[in-house]
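Descriptive analysis of the structure
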Amino acid sequence: IPLMPLVVRQDGGAGPEGSRARSVRIQDDELRRVLSAGPYPSRALQHNLADIHAQVAANQCGVRLLEEMVARFGLPMVRAYMEHIQRAAETKMRNALRRLPDGDYRFVDCLDDGSPIAVAISITGDEARIDFTGTGPVHPENLNATPAIVASAVLYCFRCLIDEDIPLNAGVLAPLSIVLPTGLLNPPAHADPACCAAVAGGNVETSQRIVDCIFGALGVVAASQGTMNNLSFGNERFGYYETIAGGAGAGPTFDGADAVHTHMTNTRLTDPEVLEDRYPVRLRRFTVRRGSGGVGRHRGGDGVLREIEFLEALHVSLLTQRRTRRPYGLAGGEPGAPGENMLLPAGGEPRSLGSSCQFRARPGDVLRVETPGGGAYGGPADPHREPAETQAH
């Protein structure tokens, strides 16, 4: 539902460089009506309204700071330096590409259901062509990605090849061309949104596998956990959503980090005290999953083990990957351990939940999520090295 018409901008008096001071009024009553309508109305109107107010405030802060910069330096200079920053990023990206041997770099990985993601990277001088031909067709569920998701993953991976801090911008993409056939990573549009391919999992899960494929093709780092381990639960009153950390992949000179989010994500977990205070759950265990990282000269990072007990009947949903496909190792390093989702029913036998599922939990049921470890780099492991369980982290 388009919400922008519900945010009304009112112009004020003249501002710097001919701009006009702005004030914003949000039509809360109309927003409440829109958010309460439709087949899936909001369960937390006040939270949604607070989020919208915060987003509008952040945008207004950006507008104010940009106008102050223009007032101080003048619009021509601001525009010129924006172009300088993009050109500098492009130059640094071209320099990084020149350091890689010319040639073709290929890698294929699969989602847990077997859907392939294939990439062929051709590097010639200071330019690269990233071709995803060979990737699978449109996914029947929600793991499809969009060209924007793919472009973000490509930009991220190649930005990592620049060994210095730079402002992230589109200049990084200038020497790169992306070939994206119709399918899993480029589903066709449809006039009826209800007929479009679902992409929710493409944003959080498939994006991770795109990164793994690019890094695997270039051979620069072993696979990280390759999933965000999406967990949501709720009822008619509330909905809660979290993502869970895992192991990072090792590289030629470093071990993978334990219990962290990696690559295409920027989320943090809710504090246990806040989680238990606000929601009808109890956090029973949250610990590093020792030994889940791959073994090698440089070990993969360990995943985590998280157990949540439900204190009342709730609808639960899991969207995860790397439950059947282990995070790969490189240069002889072993892969990381796959993840596992288990339901421990109150008074019943434990059962595996697979990569993705929905179920209704009863009071006393416990969900156990074990996240994947990262792949190792190089092998075999140094016999004089401390085992992963006893190393300092």
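Presented here is a report on the structure given in the accompanying data block. Everything numeric in this text was worked out from a predicted model, so none of it was measured. (Residues numbered from 1 in each chain as written. Predicted model: local features only at pLDDT ≥ 70, side-chain atom pairs only at ≥ 80, totals over all residues. Heavy atoms only, no water.)

**Thoughts on a nonpolar patch on the surface**
On the surface, a cluster of nonpolar side chains totalling about 580 Å² of accessible area is made up of Leu66, Met69, Phe73, Met77, Tyr81 and Met82. Contributions of two or more residues to the nonpolar patch are made by helix H2 (45–73) and helix H3 (75–98). (Patch = residues over 30% accessible without salt bridge, like charges linked within 9 Å, V, L, I, M, F, W, Y side chains within 5 Å. Areas by Shrake-Rupley, 256 points an atom, 1.4 Å probe, with all protein chains shown as cover. Salt bridge = Lys/Arg side-chain N within 4 Å of Asp/Glu carboxyl O. Helix = DSSP H or I, 4+ residues; strand = E, 2+ residues; numbered from the N terminus.)

**As for the sheet that holds strand E3 (residues 103–110)**
Taking strand neighbours across the sheet as the criterion, the 4 strands line up as E3-E4-E5-E6 in an open arrangement whose pairing is mixed. The open sheet has two free edges, formed respectively by E3 and strand E6 (176–179), since each of these has just one partner strand. Across the sheet, the axes of successive neighbouring strands diverge by a mean angle of 15°, strand direction being ignored. Sheet topology note: the strand E5 (residues 127–131)/E6 ladder contains 4 bridges and is parallel. Bridging from a neighbouring strand, Asp131 pairs with Val179 of E6. Helix H4 (residues 147–159) contacts strand E4 (116–124), E5 and E6 of the sheet and is inclined by roughly 140° relative to E6. (Pairing = 2+ DSSP bridges. Axes fitted to C-alpha atoms, helices over the stretch in contact; angles between N-to-C directions. Contact = heavy atoms within 4.5 Å.)

**Thoughts on empty space enclosed by the protein**
What the rule picks out here adds up to 1 cavity of 30 Å³ or more. A volume near 30 Å³ is recorded for the largest cavity. Taken together, Phe132, Thr135, Gly136, Leu180, Pro181, Thr182, Gly183, Leu184 and Leu185 make up the lining of the largest cavity. Broken down by class, the residue content of the lining of the largest cavity amounts to 5 nonpolar, 4 polar and no charged. (1 Å grid on protein atoms, 1.4 Å probe; cavity = no way out; pocket = protein on both sides within 12 Å on 5 of 7 lines; lining within 4 Å. Points joined across faces, edges and corners; volume = space filled by probe spheres on them. Nonpolar A, V, L, I, M, F, W, Y, C, P; charged D, E, K, R; others polar.)

**A few points about the side chain of Gln321**
Residue position: Gln321 is located in the loop between strand E11 (314–319) and strand E12 (340–344). Note on Gln321: relative accessible area 3%, which makes it buried. The residues contacting Gln321, other than those within four sequence positions of it, are Leu111, Asp112, Leu143, Glu205, Arg209, Gly226, Thr227 and Pro372. (Buried < 20%, exposed > 50% of the residue type's maximum accessible area, 1.4 Å probe, protein only.)

**Some details on the nonpolar core**
Of all hydrophobic cores here, the largest spans 49 residues; its most connected members are Ile121, Ile130, Phe132, Phe158, Leu185 and Ile214. For this core, the secondary-structure elements that each account for two or more residues are H3, E3, E4, E5, H4 and helix H5 (200–218). Here this core takes 8 residues from H5, the largest share from any one element. Other than its neighbours up to four places away in sequence, Ile130 contacts Val119, Ala120, Ile121, Val154, Phe158, Leu176, Ser177, Ile178 and Val179. With 22 residues, the next largest nonpolar core counts Leu231, Val304, Leu367 and Val369 among its residues. (Core = buried A, V, L, I, M, F, W, Y, C linked by side-chain atoms within 4.5 Å.)

**A look at the sheet that holds E12**
Pairing is antiparallel across the open sheet formed by 5 strands, whose spatial order is E9-E10-E15-E12-E13. Only two strands of the sheet have a single neighbouring strand rather than two, namely strand E9 (281–289) and strand E13 (351–352). Here 8 bridges tie E9 to strand E10 (residues 303–310), and the two strands are oriented antiparallel to one another. If you follow Arg285 over to E10, its bridge partner there is Glu307.

**Focus: the environment of His139**
Looking at the secondary structure, you find His139 in the loop between E5 and H4. C-alpha separation for the pair His139 and Ser115, spaced 24 residues apart in sequence, amounts to 7.8 Å. Once you skip the residues sitting within four places of it in the chain, His139 turns out to touch Leu111, Asp113, Ser115, Asn144 and Leu184. At 2.5 Å, the side chain of His139 forms a polar contact with the side chain of Asp113. Polar contacts involving the side chain of His139 include one to the main-chain amide nitrogen of Glu141, which spans 2.9 Å. (Polar contact = N/O pair within 3.5 Å; in protein donor to acceptor, adjacent residues only side chain to side chain.)

**A short note on the packing of aromatic side chains**
For any pair of aromatic rings, geometry is given as the distance between the ring centres together with the angle between the planes. Within this structure, the stated rule accounts for 8 aromatic pairs. Measuring from ring centre to ring centre gives 6.4 Å for Phe233 and Phe238, while their planes differ by 80°; the resulting arrangement is edge-to-face. Taking relative accessible area as the criterion, Phe233 reaches 3% and is therefore assigned buried. In this structure an aromatic cluster arises from ring pairing among Phe233, Phe238, Tyr240, Tyr279 and Phe310. Directly above the aromatic system of Phe286 lies the positively charged group of Arg306, at a separation of 4.6 Å from the ring centroid. (Phe/Tyr/Trp six-rings, centres within 6.5 Å; stacked < 30°, edge-to-face > 60°. Lys NZ or Arg CZ within 6 Å of the ring centre and 35° of its normal.)

**Structural notes on the packing of H4 against H5**
At a minimum axis distance of 9 Å, the contact between H4 and H5 shows a crossing angle of 40°. In this view, H4 runs oblique relative to H5, as classed from their interaxial angle. As for the relative orientation of H4 and H5, their crossing is right-handed in sense. For the pair formed by H4 and H5, the contact residues are Ile149, Val150, Ala153, Val154, Tyr156, Cys157 and Phe158 on the first element and Gly202, Asn203, Ser207, Ile210, Val211, Ile214 and Phe215 on the second. Along the lines of polarity and charge, the residues of the contact of H4 with H5 split into 11 nonpolar, 3 polar and no charged. (Parallel < 35°, antiparallel > 145°, perpendicular 65-115°, else oblique. Left-handed = near helix turned anticlockwise from the far one by under 90°.)

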